[in-house]
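The primary structure of each chain is shown beneath.
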Amino acid sequence: MVEIIFYILAAITLGTAFLTILSRNPIHSAIYLVICFFSLAGHYVLLNAQFLAIVHIIVYSGAIMILMLFTIMLMNLNEKLETHKKTLSIIAAVSALCLLALILISALIRTKPVVESYYESGEDFQSIKALGQVLMNDYLVPFEFVSVLLLVAMIGAVLISKKEQFKVK
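> Quick one: what's the story with the overall build of the protein, residue by residue and with numbers?
Each helix and strand in the protein was counted, giving 6 helices and 0 strands. Its helices and strands in sequence order give the protein the pattern α-α-α-α-α-α, from N to C terminus. Buried residues in the protein amount to 15% of all 169 residues. Here the analysis covers contacts within the protein between residues at least 6 apart in sequence; of these, 58% occur between residues at least 24 apart.

> Describe unusual backbone geometry, with residues and values.
With the exception of glycine, most residues fall at negative phi, and the peptide bonds are largely trans. Of note, Asn 48 is a non-glycine position whose phi angle comes to about 65°, a positive value. Position of Asn 48 relative to the elements: it lies in the loop between helix H2 (26-46) and helix H3 (50-75). On the basis of relative accessibility, which here comes to 45%, the residue Asn 48 falls in the partly exposed class.

> Give me the packing of aromatic side chains: which residues, what numbers.
For the coordinates displayed, the defined rule picks out 2 aromatic pairs. Ring geometry for Phe 6 and Tyr 7: centres 5.5 Å apart, planes at 65°, overall edge-to-face. Residue classification places Phe 6 among the partly exposed residues on the basis of a relative accessible area of 37%. The exposure class of Tyr 7 is exposed, given its relative accessible area of 54%. A ring pair is formed by Phe 37 and Tyr 60, whose centres lie 5.4 Å apart and whose planes are at 50°; its orientation type is tilted. With Phe 37 in helix H2 and Tyr 60 in helix H3, this pair connects stretches of sequence that are 23 residues apart.

> So what's going on with the packing of helix H1 (residues 2-22) against H2? Residues and values would help.
Interhelical geometry of H1 versus H2 gives an angle of 155° and a closest axis separation of 8 Å. Taken together, the axis directions place H1 and H2 in an arrangement best described as roughly antiparallel. In terms of crossing hand, the pair formed by H1 and H2 is left-handed. The segment H1 lies against H2, with Val 2, Ile 5, Phe 6, Leu 9, Ala 10, Ile 12, Thr 13, Thr 16, Ala 17, Leu 19 and Thr 20 engaging Ser 29, Tyr 32, Leu 33, Ile 35, Cys 36, Ser 39, Leu 40, Gly 42, His 43 and Leu 46. Of the residues assigned to the contact of H1 with H2, the class counts are 14 nonpolar, 7 polar and no charged.

> Any chance you could break down the nonpolar core for me, citing the residues and the numbers?
Ala 30, Leu 33, Val 34, Phe 37, Met 65 and Ile 72 form the largest nonpolar core, which has 6 residues in total. Put simply, the parts of the chain that give this core at least two residues each are H2 and H3. If you tally residues by element for this core, the top one is H2, at 4 residues. If we ignore the near neighbours within four places in the chain, the residues touching Phe 37 are His 56, Tyr 60, Ser 61 and Met 65.

> Requested: an account of the packing of H3 against helix H6 (residues 140-161), with residues and values cited.
For the pair H3 and H6, interaxial distance at closest approach is 9 Å and the crossing angle is 15°. By the angle between their axes, H3 is roughly parallel relative to H6. Note that H3 runs across H6; the crossing there is left-handed. Counted together, Leu 67, Thr 71, Leu 74 and Met 75 of H3 and Met 154, Ala 157, Val 158, Ile 160 and Ser 161 of H6 form the full contact between these two elements. Taken together, the residues that form the contact of H3 with H6 break down as 7 nonpolar, 2 polar and no charged.

> So, a nonpolar patch on the surface: which residues are in play, and what are the values?
There is a patch of nonpolar side chains on the surface, built from Tyr 44, Leu 47, Phe 51, Leu 52, Ile 54, Val 55, Ile 58, Val 59, Tyr 60, Ile 128 and Leu 131 and spanning about 950 Å² of accessible area. Put simply, the parts of the chain that give the nonpolar patch at least two residues each are H3 and helix H5 (128-137). With 7 residues, the single largest contributor to the nonpolar patch is H3.

What counts and how
Each chain carries its own residue numbering, running from 1 in the written order of its sequence. pLDDT decides what is reported in this predicted model: residues at 70 or higher carry local features, side-chain atom pairs at 80 or more are listed and counted, and totals for whole chains, interfaces and linings draw on all residues regardless. The side-chain numbers reported here are obtained from all heavy atoms of the structure, hydrogens and water having been left aside. The helix and strand labels rest on DSSP assignments: H or I over at least four residues marks a helix, E over at least two residues marks a strand, and numbering proceeds from the N terminus. The buried label goes to any residue with under 20% of its type's maximum accessible area, the exposed label to any with over 50%, and the partly exposed label to all in between, with areas taken from a 1.4 Å probe on protein chains only. Throughout, a contact is declared for two residues whenever any of their heavy atoms are within 4.5 Å. When the centres of two rings from Phe, Tyr and Trp lie within 6.5 Å, Trp using its six-membered ring, the rings pair. Their planes under 30 degrees apart give stacked, over 60 give edge-to-face, and anything left gives tilted. For every element, the axis is a line fit to its C-alpha atoms; helices are fit only across the contacting stretch, and the angle between N-to-C directions ranges from 0 to 180 degrees. Angles are sorted into four bins: roughly parallel if under 35 degrees, roughly antiparallel if over 145, roughly perpendicular if 65 to 115, and oblique for all others. Left-handed is the label given to a crossing in which the near helix is rotated counterclockwise from the far helix by less than a right angle, and right-handed is the label when the rotation is clockwise. Classification used: nonpolar for Ala, Val, Leu, Ile, Met, Phe, Trp, Tyr, Cys and Pro, charged for Asp, Glu, Lys and Arg, polar for all others including Gly. Remark: nonpolar core denotes a set of buried residues (Ala, Val, Leu, Ile, Met, Phe, Trp, Tyr, Cys) joined through side-chain atoms within 4.5 Å. Residues enter a patch when their relative accessible area is above 30% and they make no salt bridge; the linking distance is 9 Å between like charges and 5 Å between nonpolar side chains (Val, Leu, Ile, Met, Phe, Trp, Tyr). A 1.4 Å probe and the Shrake-Rupley method give the accessible areas. Residues count as covered only by the protein chains that appear here. Counted as salt bridges are all cases of a side-chain nitrogen of Lys or Arg within 4 Å of a carboxyl oxygen of Asp or Glu.

The structure is reproduced here in structure tokens:
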């Protein structure tokens, strides 16, 4: 039963990821990305990491997608204004994608699983308390850098979307 749910979630994830890339309408692209995020949260639930699934839904599907939608709406992207890409650039992009896929598949084939013995320590590493201690002790600086990066991205999106140019006196 779990395998069937996994394959259904994997199909939804891959399908909506491709639709996100291939969609010409940026709003539809954002909606497909939200569906992809929800299916990834379903994978977390299958891995018995319910807290990560809820945080993934709140952070990605909630906050970041709202930020992206505001950016898309402020920039006023229209399908009519989009220029068509030249055939040479499309061929270059497809060949780069095929080359990257070939490299990743060859790396996956050459890897060998590492079999180690596991021991029971008795600690619960999936608890919220353990995750909070690791996040706020060991990874506090990267956590704060990400918050500053998101703030700068939001300010940059607002500045890009301004219609009038700043004049230097």
